[in-house]
Amino acid sequence: MEKTGFEAITKEQRDTFLRDGVVLVRNALDEQRRARLEAAVDRVYAEERSAGRLKPDGTLHLLGFLPRDEEFGELLTLPSTFPYVWGLAGWNIYTHHNHLDVTPPNPSEQEPAWGWHQDGYRQNSDPERLDAQQPRPMLSLKVAYVLSDLSRTGRGATKVIPGSHLDNTLERPASGDPRGAMEITANPGDCFIFDRRLWHSRSVNCSTVTRKILFVGYTYRWIRPLDDMPIDKESEWWRNRTPVQRQLLGESPHTANHWGVGWDGYIDEKIPLRHELSTRGLLDRSIPWLR
């Protein structure tokens, strides 16, 4: 049976993510979709190059890329990964941050002095407790779609430390990567999903393979967007979006709706993702974010 994106993840899958802060989803993209996405990335890359917006070394880190192609819009609710998104973050969510990354080979590049970080900027300070042993709240997660062959190390893949999302600080060694670091090796079409608190870093691409990855971040609708992502509401791209996808792109009838409620203060059962989960019997009062 064809997946819809509304199949609940298992307790084991949720527990694994909560423990490690990252999960690798093999074959998240079938080859046809992966090839279409890569072609779209190549078109965008050519456009950005013509506009003179690439970095001197040819790398591209493009924020708010989703409206640039129809194929990108479908990633919002991709059936192979969307169950993790709402299963780990709930129904009152949207994409606040997404980026398209192209990293050409650069064998001469030196390892960065220190690239390890947690995502979220002030989310790592503003809500933190004075007790440093209390982990910060997750608040957002990212889904990363691998379009290139990153099955071997040295191809610019993301480095992570599984389980480090529960640590507010990271000990910096005198040289090299911190203890427990690993490079995510993935095949074309694979995907990895990670908690924004997970300590991670870029790596140097010293291979002959151009690294191409699409990152789609999700957070709660009461958090402001990070990217400047104008959307033409008269465009075919917008007309093609489903109600759930439009919610994920920030659509809302009024400001209180961002908080999951109507002006009466009660949960708005018409919020598209909540309505979809409710209709399918997927809300779960034992899981706070699915109540």
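Residues numbered from 1 in each chain as written. Predicted model: local features only at pLDDT ≥ 70, side-chain atom pairs only at ≥ 80, totals over all residues. Heavy atoms only, no water.

Right, let's get into the sheet that holds strand S8 (residues 200–201). Pairing in this open sheet of three strands is antiparallel, and the strands run S6-S5-S8 from one edge to the other. Strands with a single pairing partner mark the edges of an open sheet, and in this sheet they are strand S6 (182–183) and S8. Across two bridges, the pairing between strand S5 (residues 159–160) and S6 is antiparallel. Within S6, the position partnered with Lys159 by the bridge is Glu183. (Pairing = 2+ DSSP bridges. Helix = DSSP H or I, 4+ residues; strand = E, 2+ residues; numbered from the N terminus.)

As enumerated under the stated definition, the model contains 22 salt bridges in all. As a salt-bridge pair, Arg36 and Glu71 come within 2.7 Å of each other at their nearest N and O atoms. Taken together, the residues span a long stretch of sequence, with Arg36 in helix H2 (residues 31–50) and Glu71 in helix H3 (residues 70–73) at a distance of 35 residues. Residue classification places Arg36 among the partly exposed residues on the basis of a relative accessible area of 38%. Under the relative-accessibility criterion, Glu71 is labelled buried at 16%. The residue Glu70 makes a salt bridge to Arg241 at a minimum N-O spacing of 2.9 Å. Remark: Arg241 occurs in the loop between helix H5 (236–239) and helix H6 (243–248) and Glu70 occurs in helix H3; sequence separation between them is 171 residues. For Arg241, a relative accessible area of 4% gives the class buried. Each of the salt bridges in this network shares a partner with another, and the network as a whole consists of Glu31, Arg34, Glu38, Asp42 and Lys212. (Salt bridge = Lys/Arg side-chain N within 4 Å of Asp/Glu carboxyl O. Buried < 20%, exposed > 50% of the residue type's maximum accessible area, 1.4 Å probe, protein only.)

A few words on the sheet that holds strand S7 (residues 191–195). Taken in spatial order, the six strands line up as S1-S7-S4-S9-S3-S2 in an open sheet, and their pairing is antiparallel. The two strands at the open ends of the sheet, each matched to only one other strand, are strand S1 (22–25) and strand S2 (60–63). Going from strand to strand, the sheet's axes swing by 15° on average, the running direction of each strand aside. Here nine bridges tie strand S3 (residues 93–103) to strand S9 (residues 211–220), and the two strands are oriented antiparallel to one another. For His99, the partnering residue across the bridge sits in S9 and is Phe215. Against the sheet, helix H4 (residues 82–89) makes contact with S1, S3, strand S4 (140–146), S7 and S9, and its axis sits at roughly 170° relative to S4, the strand it touches most. (Axes fitted to C-alpha atoms, helices over the stretch in contact; angles between N-to-C directions. Contact = heavy atoms within 4.5 Å.)

What follows concerns the packing of aromatic side chains. Counted by the stated rule, this structure contains six aromatic pairs. Relative to Phe82, the ring of Phe6 has its centre 5.8 Å away and its plane inclined at 90°; by these criteria the two rings are edge-to-face. With Phe6 in the segment before helix H1 (11–20) and Phe82 in helix H4, this residue pair connects regions lying 76 residues apart in the sequence. Of the two residues, Phe6 and Phe82, neither departs from the other in class, the shared state being buried. Ring geometry for Tyr220 and Trp222: centres 5.5 Å apart, planes at 5°, overall stacked. Counting every residue linked through ring pairs, the aromatic cluster contains Phe192, Phe194 and Phe215. Across from the ring centre of Trp238, 4.7 Å away, lies the NZ or CZ of Lys233, which sits over that ring. The ring of Trp237 is capped by Arg241, whose NZ or CZ atom sits 4.8 Å from the centre of that ring. (Phe/Tyr/Trp six-rings, centres within 6.5 Å; stacked < 30°, edge-to-face > 60°. Lys NZ or Arg CZ within 6 Å of the ring centre and 35° of its normal.)

Its boundaries defined by the atoms lining it, the largest pocket holds a volume of some 920 Å³. His61, His99, His117, Asp119 and Lys142 are the residues nearest the centre of the largest pocket, which is lined by 38 residues in total. Among the secondary structure elements, those contributing two or more residues to the lining of the largest pocket are S2, S3, S4, S8 and S9. Considering every element that reaches the lining of the largest pocket, the biggest residue donor is S3, with six residues. Of the volumes computed, that of the second largest pocket is approximately 300 Å³. Broken down by element, the residue count for the lining of the second largest pocket peaks at five residues, all from S3. (1 Å grid on protein atoms, 1.4 Å probe; cavity = no way out; pocket = protein on both sides within 12 Å on 5 of 7 lines; lining within 4 Å. Points joined across faces, edges and corners; volume = space filled by probe spheres on them.)

For the rest of this paragraph, the subject is the nonpolar core. One finds Phe72, Leu100 and Leu214 to be the most contacted residues of the largest nonpolar core, which totals 56 residues. Ranked by residues supplied to this core, first place goes to H4 with six residues. In terms of nonpolar packing, the next biggest core, distinct from the first, is built from 13 residues, Ala157, Phe192, Phe194 and Leu198 among them. (Core = buried A, V, L, I, M, F, W, Y, C linked by side-chain atoms within 4.5 Å.)

Each full turn of the α-helix corresponds to 3.6 residues, which orients residues three or four apart in the same direction. Counted residue by residue, H4 has eight buried out of eight residues, so it is predominantly covered. When we look at burial in H4, the residues that qualify are Phe82, Pro83, Tyr84, Val85, Trp86, Gly87, Leu88 and Ala89. Just downstream of H4 lies Gly90, where phi reads positive at about 95°.

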